[in-house]
Amino acid sequence: MPMPEISPIKMNAVIPEIFSRESTSFCNSKCGGSPIENFGDDKDDTRLKISGMTTKDPLDVMHEECGIAAIYGSPDAARLVYLSLYALQHRGQEAAGIVTYNGSGLHTKLGMGLVSDVFNETVLDELKGNHAIGHVRYSTAGDSSLRNCQPISVNTGNGRIAVAHNGNLTNAIEIRKNLEEKGAIFQTNSDTEVVLHLFAKSKETGFVRPLLDALRQLRGAYCFVFITKKGILAARDPYGVRPLALGKLGKTWVVASETSAFDLVGARYVRDVEPGELIDITSAGLKSHVISKVKNKAMCVFEYVYFSRPDSKIFGHNVYETRREMGRQLAHEAPPPPDTDMVIPVPDSASVAAMGYAEVSGIRFDMGLIRSHYIGRTFIEPKQSIRDFGAKIKYNAVAEALKGKKVVLVDDSIVRGTTSRKLVRMLRRVGVKEVHMRISSPAIISPCFYGIATPTTKELIASKLSTEKVRAYLGVNSLSYLSEAAMLRSTKMNPTDFCTACFTGKYPIALEKGVQTNNTVPC
Ligand code: SF4
């Protein structure tokens, strides 16, 4: 349903008009709080439930937090954003939202669940207008309620505006504290709301100048799309941590986190929204503004390792090619032992790297593990506990293909190690003779503060244990990771333009006091 109109209010105030949001401080509780002190404990699923993560997320993977999209100049704007969000669904499955502008007001639809759960023909018919923005969101813990859904729409003295955000602001707590001391009242526990307060507080007028004013005060990782009565705006932080691409469909402008969205709606890739750029698209055309510039970028290399779809182009390069090259480099650095029968991936995320590994090693690529794509967001665990249930519901091993074989198992990364251990056990149970594990990225030792939901340091298995101890815990015959240098070489881009902090602990953007990972602050 379109949201009710609310009268404009005075400058220096922000009123989200979507629904009543509780006034609350940033959550300081650490999700995943139970330390994994014994990596050999088989009750990992129970621990996940205790720590606030439920059986909907029993597997230990790093999660992308959000995907964003925007359309300018189409009578089908809502449907095009809907399709774009569909193509970005892998970046967030908790909630989805679209805001359109039809010449008289903003129209909003937000909801919990998948894009296909939230929107249907009737809803899309009500989202009228020629421009639109949208958001898909993932949250791991705490508040996954409607109040943190995006886009967030507000009335300000500068006019009505809505925003959708992908990333994590590392100085949001400090800015919020300052604003609250001056009387600002926050309505969500999302860092995104900070940019709206700064926009409303700006002494500049219009939309572009107050936004530039606001964006220049932010630190950390952000890609934003905004919608106003004039058009849409898209911004990327000066380090370019998260991807944001610009495309064209006839005369319609399209903005999306990944180009897979362009392919679905039939748009062509034009270029990336550059690091430190604010793009303003109105009836007067496209204008580019500089937020600020830094010497070295810090693009997230994990987008290539795992997050982005392999059919997307991000940071100007195809993910499939880069991921396959990571597999090739891995085969050079950690070749298979003699008499290996087959290379199998952990599907689907490691399939492309495994193909690269098989290509260089000359060993047959095969699918020994099958992944179910239809488990949905929730499932009911049987009352009678089934060993490794969480992994089994997602993967199954093909005994006929694997029995008596010596295999190289390729995965893109190891986070807690609990899933890898279960998969190895699954392979052993169907009679695999030897399992040699190869990881197409370095060992993860540090959490992400730039927009990725990550377990805490103590939960990252490689931050505590040596490679040999991780090997023993997983129960594999050998274990090797791709080196940082080879991972960066695979991108064929300037290696100093990447963030590798989760592998090295060296954070390219200063972490201000109290900064939290995205496992506690939804984007
Ligand atoms: S810390 Fe890791 S996941 Fe986070 S931005 Fe850097 S490379 Fe990406």
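Residues numbered from 1 in each chain as written. Predicted model: local features only at pLDDT ≥ 70, side-chain atom pairs only at ≥ 80, totals over all residues. Heavy atoms only, no water.

Chemist: Break down the pairing of strand 10 (residues 232-236) for me, with residues and values.
Modeler: Most of strand 10 sits inside the fold, with 5 of its 5 residues counted as buried. Side chains Ile-232, Ala-234 and Arg-236 project from strand 10 onto one buried face, and the interleaved Leu-233 and Ala-235 project onto a second face that is buried too. Alignment of strand 9 (residues 220-227) against strand 10, held across 5 bridges, turns out to be antiparallel. Counterpart to Val-225 in the pairing with strand 10 is Ala-234. Linking two consecutive strands that pair antiparallel, namely strand 9 and strand 10, is a turn of 4 residues. Here strand 10 pairs with strand 14 (residues 277-282) via 4 bridges, running antiparallel. Among the inter-strand pairings, Ala-235 is bridged to a residue of strand 14, identified as Leu-278. (Buried < 20%, exposed > 50% of the residue type's maximum accessible area, 1.4 Å probe, protein only. Helix = DSSP H or I, 4+ residues; strand = E, 2+ residues; numbered from the N terminus. Pairing = 2+ DSSP bridges.)

Chemist: If you had to explain the pairing of strand 8 (residues 159-169) to someone new, which residues and values would you point to?
Modeler: For strand 8, the tally of buried residues reaches 11 of 11 residues, placing the bulk of the element in the interior. Of the strand pairs in this sheet, strand 7 (residues 152-156) and strand 8 are connected by 5 bridges, and their pairing is antiparallel. Following the sheet pairing, Val-154 is matched in strand 8 by Ile-161. The loop that links strand 7 with its antiparallel partner strand 8 comprises 2 residues. Here strand 8 pairs with strand 9 via 8 bridges, running antiparallel.

Chemist: Outline the site of the ligand, supporting the account with residue identities and numerical values.
Modeler: Near the ligand you find Val-241, Arg-242, Cys-300, Val-301, Phe-302, Cys-448, Tyr-450, Ile-452, Cys-499, Ala-501 and Cys-502, and these make up its full shell. Looking at side-chain class alone, the shell around the ligand contains 10 nonpolar, no polar and 1 charged residues. (Near = heavy atom within 4 Å. Nonpolar A, V, L, I, M, F, W, Y, C, P; charged D, E, K, R; others polar.)

Chemist: A description of the sheet that holds strand 23 (residues 434-439) should follow, citing residues and the corresponding values.
Modeler: Pairing in this open sheet of 4 strands is parallel, and the strands run 19-22-23-25 from one edge to the other. Two strands lie at the open edges of the sheet, namely strand 19 (342-345) and strand 25 (478-481), each paired on one side alone. Strand-to-strand twist in this sheet, taken as the mean axis angle between neighbours without regard to direction, amounts to 20°. Across 6 bridges, strand 22 (residues 406-411) lies against strand 23 in parallel orientation. For Leu-409, the partnering residue across the bridge sits in strand 23 and is Met-437. Against the sheet, helix 11 (residues 351-361) touches strand 19, strand 22 and strand 23, its axis set at about 165° to strand 19. With respect to the sheet, helix 16 (residues 467-474) is in contact with strand 23 and strand 25, its orientation differing from that of strand 25 by roughly 130°. (Axes fitted to C-alpha atoms, helices over the stretch in contact; angles between N-to-C directions. Contact = heavy atoms within 4.5 Å.)

Chemist: An account of the packing of helix 6 (residues 193-201) against helix 7 (residues 208-215) is needed here, citing residue identities and associated values.
Modeler: Their axes nearest at 8 Å, the elements helix 6 and helix 7 cross at an angle of 125°. Taken as axis vectors, helix 6 and helix 7 run oblique relative to one another. Judged by the twist between their axes, the crossing of helix 6 over helix 7 is right-handed. Contacts from Val-195, Leu-198 and Phe-199 of helix 6 reach helix 7 at Pro-210, Leu-211, Ala-214 and Leu-215. (Parallel < 35°, antiparallel > 145°, perpendicular 65-115°, else oblique. Left-handed = near helix turned anticlockwise from the far one by under 90°.)

Chemist: Outline the sheet that holds strand 3 (residues 66-72), listing residues and values.
Modeler: Taken together, 7 strands build an open sheet; the order of strands is 5-4-6-3-12-11-13 and the sheet is antiparallel. Strand pairing shows two members of the sheet lacking a second neighbour, strand 5 (106-112) and strand 13 (268-272), which therefore form its edges. Adjacent strand axes in the sheet meet at a mean angle of 15°, parallel and antiparallel pairs treated alike. Strand direction decides the pairing type here: strand 11 (residues 245-249) and strand 13, joined by 4 bridges, are antiparallel. Bridge pairing in strand 13 links Ala-245 to Asp-272. Along the sheet, helix 2 (residues 77-87) makes contact with strand 3, strand 4 (95-101), strand 6 (131-137), strand 11 and strand 12 (252-256), crossing strand 6 at roughly 25°.

Chemist: Tell me about a nonpolar patch on the surface, residues and numbers included.
Modeler: A surface patch of nonpolar side chains, about 260 Å² in accessible area, is lined by Leu-83, Tyr-86 and Leu-264. By the element assignment, Leu-264 lies in helix 8 (residues 260-265). Given the relative accessible area of 45%, Leu-264 is considered partly exposed. (Patch = residues over 30% accessible without salt bridge, like charges linked within 9 Å, V, L, I, M, F, W, Y side chains within 5 Å. Areas by Shrake-Rupley, 256 points an atom, 1.4 Å probe, with all protein chains shown as cover. Salt bridge = Lys/Arg side-chain N within 4 Å of Asp/Glu carboxyl O.)

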